[in-house]
Amino acid sequence: MILELKRLFGNIFEEALIQEITRVGTLKEIPENFMMIDIGERIKGVPLMISGAIKISRENEKGEELLLYYLEEGDSCTLTFASEMGTTKSKIRAVSELPSKLIMIPINQMENWEGKYPSWRKFLFRSYQIRMDEMVETLDSIAFDGLEKRLLDYITEKKRVNGKNELQITHQNIAQELHSSRVVISRLLKKLEQTGKIELKRNKIVIT
DNA sequence: ACATTAATTGTGT
DNA sequence: ACACAATTAATGT
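Quick caveat, the model's predicted, so the values are computed rather than measured.

*Asks:* Please give an account of the overall build of chain A that cites residues and values.
*Replies:* Looking only at helices and strands, one finds eight helices and 10 strands in chain A. Seen through its principal axes, chain A has C-alpha atoms that stretch 55 × 35 × 30 Å. Considering chain A as a whole, with its 208 residues, one finds that 42% of them fall into the buried category. Counted over contacts in chain A with a minimum sequence separation of 6, partners at least 24 positions apart contribute 72%. Entry remark: accessible area of chain A is about 11500 Å², with carbon and sulfur atoms responsible for 52%. If you average the places of the 32 positive and of the 31 negative side-chain charges in chain A, the two averages end up 3 Å apart.

*Asks:* Describe the protein's contact with DNA strand B, with residues and values.
*Replies:* Around DNA strand B, the neighbouring residues are Thr170, His171, Arg182, Val183, Arg187, Lys190, Leu200, Arg202 and Asn203. Counting only the atoms of DNA strand B within 4 Å of the protein, the fraction contributed by sugar and phosphate is 35%. Take Arg182: an N or O atom from its side chain is 2.8 Å from a base oxygen of DNA strand B. Contact distances for DNA strand B include 2.6 Å between a base nitrogen and a side-chain N or O atom of Arg187. Tallying contributions element by element places helix α8 (residues 182-194) first for the surface near DNA strand B, with four residues. In terms of residue class, the surface near DNA strand B is made up of two nonpolar, three polar and four charged.

*Asks:* How would you summarise unusual backbone geometry if you had to cite specific residues and measurements?
*Replies:* Although it is not a glycine, Asn33 adopts a positive phi angle of roughly 60 degrees. When you line up the elements, Asn33 lands in the loop between β1 (26-30) and β2 (35-37). Asn33 sits in the exposed class, given a relative accessible area of 60%. For His179, which is not glycine, the phi torsion reads 60 degrees and is therefore positive.

*Asks:* Any chance you could break down the pattern of salt bridges for me, citing the residues and the numbers?
*Replies:* Counting across every chain of the model gives 20 salt bridges. Ionic pairing is found between Glu72 and Arg160, a salt bridge with its closest N-O pair at 3.0 Å. Here Arg160 lies in helix α6 (residues 147-162) and Glu72 lies in strand β5 (residues 65-72), a separation of 88 residues in the sequence. Take Glu72: its relative accessible area is 22%, and that puts it in the partly exposed class. Across the pair Lys191 and Glu148 runs a salt bridge, and its minimum N-O distance is 3.7 Å. With Lys191 in helix α8 and Glu148 in helix α6, this pair connects stretches of sequence that are 43 residues apart. Given the relative accessible area of 32%, Glu148 is considered partly exposed.

*Asks:* Provide a residue-level description of the protein's contact with DNA strand C, including the pertinent values.
*Replies:* The environment of DNA strand C is formed by Ser181, Val183, Arg187 and Arg202. Between DNA strand C and Arg202 there is a distance of 3.2 Å, counted from a base oxygen to a side-chain nitrogen or oxygen. Residues of the surface near DNA strand C, tallied by class, amount to one nonpolar, one polar and two charged.

*Asks:* Can you lay out the environment of Glu41 for me, pointing to particular residues and giving the numbers?
*Replies:* On the secondary structure map, Glu41 appears in the loop between β2 and β3 (45-51). On the basis of relative accessibility, which here comes to 38%, the residue Glu41 falls in the partly exposed class. C-alpha of Glu41 to C-alpha of Ser96: the two residues are 55 residues apart in sequence and 17 Å apart in space. Here Glu41 is in contact with Met36, Lys89 and Ser90, once residues within four sequence places are set aside.

*Asks:* Report on a nonpolar patch on the surface, specifying residues and quantitative values.
*Replies:* Taken together, the side chains of Tyr128, Met132 and Val136 present a nonpolar region at the surface, about 260 Å² in accessible area. Relative to the helices and strands, Met132 is located in helix α5 (residues 118-144). Its relative accessible area of 39% is what places Met132 among the partly exposed residues.

What counts and how
Residues numbered from 1 in each chain as written. Chains lettered and ligands numbered in written order. Predicted model: local features only at pLDDT ≥ 70, side-chain atom pairs only at ≥ 80, totals over all residues. Heavy atoms only, no water. Helix = DSSP H or I, 4+ residues; strand = E, 2+ residues; numbered from the N terminus. Buried < 20%, exposed > 50% of the residue type's maximum accessible area, 1.4 Å probe, protein only. Contact = heavy atoms within 4.5 Å. Areas by Shrake-Rupley, 256 points an atom, 1.4 Å probe, with all protein chains shown as cover. Lys, Arg positive; Asp, Glu negative; His and termini not counted. Charge placed at Lys NZ, Arg CZ, Asp CG, Glu CD. Near = heavy atom within 4 Å. Polar contact = N/O pair within 3.5 Å; in protein donor to acceptor, adjacent residues only side chain to side chain. Nonpolar A, V, L, I, M, F, W, Y, C, P; charged D, E, K, R; others polar. Salt bridge = Lys/Arg side-chain N within 4 Å of Asp/Glu carboxyl O. Patch = residues over 30% accessible without salt bridge, like charges linked within 9 Å, V, L, I, M, F, W, Y side chains within 5 Å.

Following this line, the structure appears as structure tokens:
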């Protein structure tokens, strides 16, 4: 655990903080498609991503979903920081997209870190900033881009995260994550296939 | 190997 | 958005 911590966070955190994290944090290995936290659940700790990818999404009253962003190695989830102080419940859902490794730090264990370690404070701000930027980006894409571009972005992003040029997913699932309907996605995908950008199989999309 | 069924995808209105 | 057709995968006999 120390090795991986140093590899990813060694340049950011001072030695003493690294020691502290190894003392109170626990290394978790998460299988693929595992729901780590759901909307409304109490937040128990702050995650530091070691490897893999986690999908962060939002859901409305009707149970319709919307993909917000991915967490990847070196990331942390700052929406949890927002609820770090109070007893707020999670506003988001986190499901692992790939088998993932991360270190969980219980929130009650990190109470005075912000005063004690300047690097921790910096990390919080930087992380918060990055996450905010990503959200503004997806907000922009929803507000200003057409669904076609959004779908293309979605595919390329998913391809990048998975590291394959083959995605195993149904049109229905895509529609849910982008908060659209299956028929529309099917039609757009077909258009993308005709322009030679992708190839459609059953339960599968190949990027060409 | 064949038939049946369920799930996914395609298309017209 | 809805309805239905077409295709594919899964399962039982």
